[in-house]
Every structure is written in C-alpha cells, then in structure tokens.
Amino acid sequence: MNRLTETIKHLIIINIIFFIAIKFLGNNLYDSLALWFPENQNFKIWQVFTHMFMHHPTFYLHILMNMFGLWMFGTPLEQMWGRKKFLFFYFSAGLGAVLLPWSIDFFQFNSAINTLLESGIPQSEINNLLNEGLNPNSIYNNASVQKLNSIINTSSVGASGCIMGLVAA
C-alpha cells in the first residue's frame, strides 16, 4: 500500500478546503476562483492556478474520486521523482488543462466572430452581444452567437486536469 506523502497530503487538504469554502461561501467565491474565458468580465489571472483546486460543490463523488486518484497515482510519482519534480509536473498538467481547452475555445471564438462579421453584423453589435449576453428574441440569435455566448459564459474547474496528468504519467 502506498504511504501518504506530505506533498500529497497537503494537496488533498488544499482541495478539500477549496471544496468546503465554495460549499459554504457560495457562488461569488466559486465565480472568483473557477476559470473563465479571458473575454468574460469574471476572468482574473489567478484563476489559471486556483481552478486546479476546484470541484463543483455538489459533486461529492467527484472530489472523492479525484482525491483517491491523487493519492493512488501521485504518491508513487512523488516517491520516484521527489517533491520538486512532482509539483512541477502536477502544476504543468494543470496548466495544460487550461491551455488545450483555451486554444480550442480561442479558435472557435475567433471563427464565430469572423462568421458574424462576414454576415454583415457590425463589430459594435457583436461587442454588445458579448457584453450584455444573448437575448433570445434578438435578430442575431444564430449558431455563431450561441457559440460565442457558450464560450464566454462557461466557467471551468480543473482539479481533474491535474489528476489526469498524473494518470498519464
């Protein structure tokens, strides 16, 4: 059986603290710590790191399985690599979990913007749609606008990205 290392223990404690804090302090803290698309007004640079410790506050089994995975896969990796290399890899996996979806979202975001511009919608109207959200009765209610709305108004929590990096290793 793998002995719980200090680093893994601290990572588990941090994840649990984030989970409990979100559970009891609510949506404002969740919105402040979860990762938003950079064009969203909720985006803050620290979210690139804080999202790595986030779980949705109602999914108890999810955090339980992630912490089990952290212990199961992280402990032997830390024992093999040492604390510094393990933490470097862990946070690199978390950053990778940001960069891959963001690169896809940026491509889709820019493609949707270009589609709207080519269809004759002025940039000022597109900016209004992005800032004010999609009005279901808008004459601009089409697939490209809905895609923009989806990208901008969806947050993500990325503790699983760190764990999947450990599984891959």
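Counting from 1, residues in each chain are numbered in the order their sequence is written. Note on the predicted model: pLDDT of at least 70 is required for a residue's local features to be given, and 80 or more for side-chain atom pairs to be given and counted; whole-chain, interface and lining totals, by contrast, use all residues. Think of the side-chain values as coming from all heavy atoms in the structure, minus any hydrogens and water.

Asks: Please clarify how the nonpolar core should be interpreted in this entry.
Replies: Most often, soluble globular proteins keep nonpolar side chains buried together rather than apart. We define a nonpolar core as any set of buried Ala, Val, Leu, Ile, Met, Phe, Trp, Tyr and Cys residues linked to one another through side-chain atoms lying within 4.5 Å. Burial classification: accessible surface area is computed with a 1.4 Å probe over protein chains only, and a residue below 20% of its type maximum counts as buried, one above 50% as exposed, and the rest as partly exposed. Ranked by internal contacts, the top residues of the largest apolar core, which has 22 residues, are Met54, Leu70, Phe86, Tyr90 and Leu166. Segments assigned H or I by DSSP are reported as helices when at least four residues long, segments assigned E as strands when at least two residues long, and all are numbered from the N terminus. For this core, the elements supplying multiple residues, two or more each, are α1 (6–25), α2 (27–33), α4 (60–81), α5 (83–118) and α8 (159–168). Any pair of residues with heavy atoms lying within 4.5 Å of one another is described as a contacting pair. For leucine 70, the residues in contact, after removing those within four places along its chain, are Ile8, Leu11, Ile12, Asn15, Thr75, Tyr90, Ile163 and Leu166. Formed by 18 residues, the second largest nonpolar core is a distinct cluster that contains Leu35, Phe37, Leu116 and Leu129.

Asks: I would appreciate a short explanation of the packing of α1 against α4 in the present structure.
Replies: Each pair of packed helices can be described by the angle between their axes along with the distance between the axes. Lines fitted to the C-alpha atoms define the axes, with helices restricted to the stretch that makes contact. Angles between their N-to-C directions range from 0 to 180 degrees. Following both chains from N to C, one finds α1 and α4 inclined at 165 degrees, their axes separated by 9 Å at the closest point. With respect to α4, the element α1 is oriented roughly antiparallel. The interaxial crossing formed by α1 with α4 has right-handed handedness. Of α4, the residues touching α1 (which contributes Thr7, Ile8, Leu11, Ile12, Asn15, Ile16, Phe19 and Lys23) are Tyr60, Ile63, Met67, Leu70, Trp71, Gly74, Thr75 and Glu78. Put simply, angles under 35 degrees are roughly parallel, angles over 145 are roughly antiparallel, angles from 65 to 115 are roughly perpendicular, and the rest are oblique. The crossing is said to be left-handed when, going from far helix to near helix, the turn is anticlockwise and less than a right angle, and right-handed when the turn is clockwise.

Asks: Would you take a moment to explain the packing of aromatic side chains for this structure?
Replies: To describe a pair of aromatic rings, one takes the distance between the centres and the angle between the planes. Ring pairs are drawn from Phe, Tyr and Trp, using the six-membered ring of Trp, whenever the two centres fall within 6.5 Å, and their geometry is named by plane angle: stacked under 30 degrees, edge-to-face over 60, tilted for the rest. The tally for this structure, following the rule as stated, stands at eleven aromatic pairs. Aromatic side chains phenylalanine 68 and tryptophan 71 sit 5.6 Å apart centroid to centroid with 45 degrees between the ring planes, which places their arrangement in the tilted category. Of the two residues, phenylalanine 68 and tryptophan 71 both sit in helix α4, three residues apart, roughly one turn of that helix. Taking the relative accessible area as the measure of exposure, phenylalanine 68 reaches 39% and is therefore partly exposed. Every member of this aromatic cluster is reached through a ring pair, and the members are Phe18, Phe53, Phe86, Tyr90 and Phe91.

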